[in-house]
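Breakdown of the fold
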Amino acid sequence: MAMVGNLSNEQAILAYTNAVRARTLDMKIISAQRQGIIGFHVPSQGQEMIQIAISMLADKEDLIFGYYRDLAMLLQRGVPLSLIYDQLLSNSNDLQKGRQMPDHFSFKEFNFSTVQSPVGSHLPLTVGAAYSMRYTKKKGIVITTFGDGATSTSDFHAALSMASVFNLGVLFICENNGWAISVPTSKQTKTDIYKKGAAYGIPGKRVDGNDLIASLAGLQEAFDYVRSGKGAYLVEALTYRIGPHSTSDDPKKYRVDEITDGSENDPIRRLENLMLKMGVVDSASIQSIRAQAKEEIDKTLEERMSIPPTEPSSIFDDVYEKPSWIQEEERREINDSD
Ligand SMILES: Cc1ncc(C[n+]2csc(CCOP(=O)(O)OP(=O)(O)O)c2C)c(N)n1
Ligand SMILES: [Mg+2]
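What counts and how
Residues numbered from 1 in each chain as written. Chains lettered and ligands numbered in written order. Predicted model: local features only at pLDDT ≥ 70, side-chain atom pairs only at ≥ 80, totals over all residues. Near = placed C-beta within 6 Å. Nonpolar A, V, L, I, M, F, W, Y, C, P; charged D, E, K, R; others polar. Core = buried A, V, L, I, M, F, W, Y, C linked by C-beta atoms within 7 Å. Buried ≥ 20, exposed ≤ 12 C-beta atoms within 10 Å, placed from the backbone. Contact = placed C-beta atoms within 7 Å. Helix = DSSP H or I, 4+ residues; strand = E, 2+ residues; numbered from the N terminus. Pairing = 2+ DSSP bridges. Expected span 1.5 Å × (residues − 1). Axes fitted to C-alpha atoms, helices over the stretch in contact; angles between N-to-C directions. Parallel < 35°, antiparallel > 145°, perpendicular 65-115°, else oblique. Domains from an automatic or database assignment. Left-handed = near helix turned anticlockwise from the far one by under 90°.

1. With respect to the site of ligand 1
Every one of the 14 residues lining ligand 1 counts as a neighbour, but Val-119, Gly-147, Gly-149, Ala-150 and Ala-180 are closest to it. For the shell around ligand 1, the per-class residue count stands at six nonpolar, five polar and three charged.

What follows is the structure, given as structure tokens:
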């Protein structure tokens, strides 16, 4: 039977479907941002394959410290679309009660820790989390993703150093999309990112993050290494940011797009072509996956938009065990001004 890599047909189709869902969702969010429905967005387009590969290999008990561009990873991990929209909309169903910028997700049930805004600041936390997991004899490893720009922060180096010295189970995965906003990777580093592990005694490898099968094969070795208790591992996944850094950015000012949505070198198109070649899907099933994704993504946004926003007075919740009289007074003022 023809197969895509070592994947069953079901696994390949699920991965493809989630990549298409992520791409479609991304475009929907940008459109909603332009209409003033969602405040801000950091697109994940182009980076879907490495993210899907990470989720395919991660176990449920593994703790993920992702970053703001990991939409496809979340979908493949099984996070419901409705919860993603609730966060983006800051509605009253938002698990973070509207206290985070859009895309700064936190899904405890899925072992996905809160996305941090300051670049690289989550990396030292992964070391603490891995230490705690070992101390409390919890199963699983810690997986973290970050951009090429994050490797220029001191937090990256502090994290690698500590993870190595304490022999901790952290899988560091750099999603090198070639850019840190308008700064190309060549202005971040003169050496290859995956080689930086060597300075800390951490093995490193580079994978083609735009190819699902290559990503899975490359990552497997890294997962096996970390799971075996040997220590941390650094993977550099070469990928590409299709489109702007965020909805506040215009990349035409500083670059020519090398990969565009739907072009032959688009990672989703590459998987699609492979699946067609292996006879895993035909063009009718591709059309149907795409149409279903669009319908689900349009319909779910409509549905979640009807949920009322987070109550402004909820800003006082979860801060003190017993609110002071000043906070009670302020809460009353907010409620009275409604
Ligand atoms: C400490 C810090 N410095 C600067 C910024 C502004 N900033 C936000 S994202 C970003 C670029 C990060 O690039 P990279 O790590 O490659 O991730 P990418 O956005 O390309 O996925 C910058 C400079 C920030 N959020 N935090
Ligand atoms: Mg980058």
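2. Side note on the nonpolar core
The biggest cluster of nonpolar side chains holds 83 residues, and the ones touching the most others in it are Ala-19, Leu-171, Phe-172 and Val-235. In contact with Ala-19, not counting residues within four places along its chain, are Glu-48, Met-49, Ile-52, Ala-72, Ile-268 and Leu-271.

3. Points about the pairing of strand 2 (residues 142-147)
Burial analysis of strand 2 places six of its six residues in the buried class, which makes it a mostly covered element. Note: strand 1 (residues 63-65) against strand 2, three bridges, orientation parallel. Considered in strand 2, the bridge of Phe-65 is made with Thr-144. In this structure, strand 2 lies alongside strand 3 (residues 170-176), joined through six bridges in parallel fashion. When the bridges of strand 3 are listed, Thr-144 appears paired with Phe-172.

4. Here we look at unusual backbone geometry
Unlike most non-glycine residues, Asn-111 shows phi in positive territory, near 55°. Inspection of the secondary structure puts Asn-111 in the loop between helix 4 (81-89) and helix 5 (123-135).

5. Remarks on helix 10 (residues 325-337)
Counted at 1.5 Å a residue, the expected span for helix 10 with its 13 residues is 18 Å, and the 18 Å between its end C-alpha atoms agrees. Taken across its 13 residues, helix 10 has zero buried, putting it largely on the surface.

6. Let's talk about the sheet that holds strand 6 (residues 204-208)
The strand order across the open sheet built from five strands is 1-2-3-7-6, with neighbouring strands paired in parallel fashion. For this open sheet the edge positions go to strand 1 and strand 6, each flanked by a neighbour on one side alone. Averaged over all adjacent pairs, the angle separating strand axes in this sheet is 20°, with direction ignored. Here five bridges tie strand 6 to strand 7 (residues 233-238), and the two strands are oriented parallel to one another. The partner of Lys-205 across the bridge, within strand 7, is Val-235. Against the sheet, helix 5 makes contact with strand 1, strand 2 and strand 3, and its axis sits at roughly 175° relative to strand 2, the strand it touches most.

7. Overview of the packing of helix 5 against helix 6 (residues 154-165)
Between two packed helices, the angle of one axis relative to the other and the distance separating the axes together describe the packing. Running from N to C, helix 5 and helix 6 point in directions that differ by 20°, and their axes come no closer than 7 Å. By the angle class used here, helix 5 and helix 6 are roughly parallel. Listed contacts from helix 6 to Leu-123, Pro-124, Thr-126, Val-127 and Ala-130 of helix 5 are Asp-155, Phe-156, Ala-158, Ala-159, Met-162 and Ala-163. Looking at the contact of helix 5 with helix 6 residue by residue, the class counts come to nine nonpolar, one polar and one charged.

8. Quick look at helix 6
Here helix 6 contains 12 residues, and its C-alpha end-to-end distance of 17 Å stays within 8% of the 16 Å for a straight helix at 1.5 Å per residue. Turning to helix 6, the residues buried within the fold contact helix 5 and strand 3. Phi for Asn-167, located one or two positions after helix 6, is positive at around 55°.

9. Considering the domain arrangement of the chain
Interface extent is often summarised as the accessible area lost during association of the parts. When the domains of the chain are assigned, the result is domain 1 (9-307) and domain 2 (314-338). Each of domain 1 and domain 2 has a C-alpha centre, and the two are 37 Å apart.

10. So, the packing of helix 2 (residues 48-57) against helix 7 (residues 212-227)
Two numbers describe how helix 2 lies on helix 7: the axes approach to 9 Å, and their chain directions differ by 45°. The angle between the axes of helix 2 and helix 7 places the two elements in the oblique class. Regarding helix 2 and helix 7, the two cross each other, and that crossing is right-handed. Residues Met-49, Ile-50, Ile-52, Ala-53, Ile-54, Met-56 and Leu-57 of helix 2 touch helix 7, and the partners they reach there are Leu-212, Ser-215, Leu-216, Leu-219, Gln-220 and Phe-223. For the contact of helix 2 with helix 7, the residue count by class is 11 nonpolar, two polar and no charged.

11. Focus: the environment of Asp-211
Relative to the helices and strands, Asp-211 resides in the loop between strand 6 and helix 7. Its 22 C-beta neighbours within 10 Å are what place Asp-211 among the buried residues. Sequence separation between Asp-211 and Gly-39 is 172 residues; the distance between their C-alpha atoms is 32 Å. The residues touching Asp-211, leaving out its near neighbours within four places in the chain, are Met-49, Pro-267 and Arg-270.

12. Details of the environment of Asn-18
Position of Asn-18 among the secondary structure elements: in helix 1 (residues 9-34). C-beta crowding within 10 Å serves as the criterion here: with 24 such atoms nearby, Asn-18 is assigned to the buried category. Residues Asn-18 and Gly-78 lie 60 residues apart in sequence; the distance between their C-alpha atoms is 9.6 Å. With sequence-adjacent residues up to four places away left out, Asn-18 is seen in contact with Ile-52, Ala-72, Leu-75 and Gln-76.

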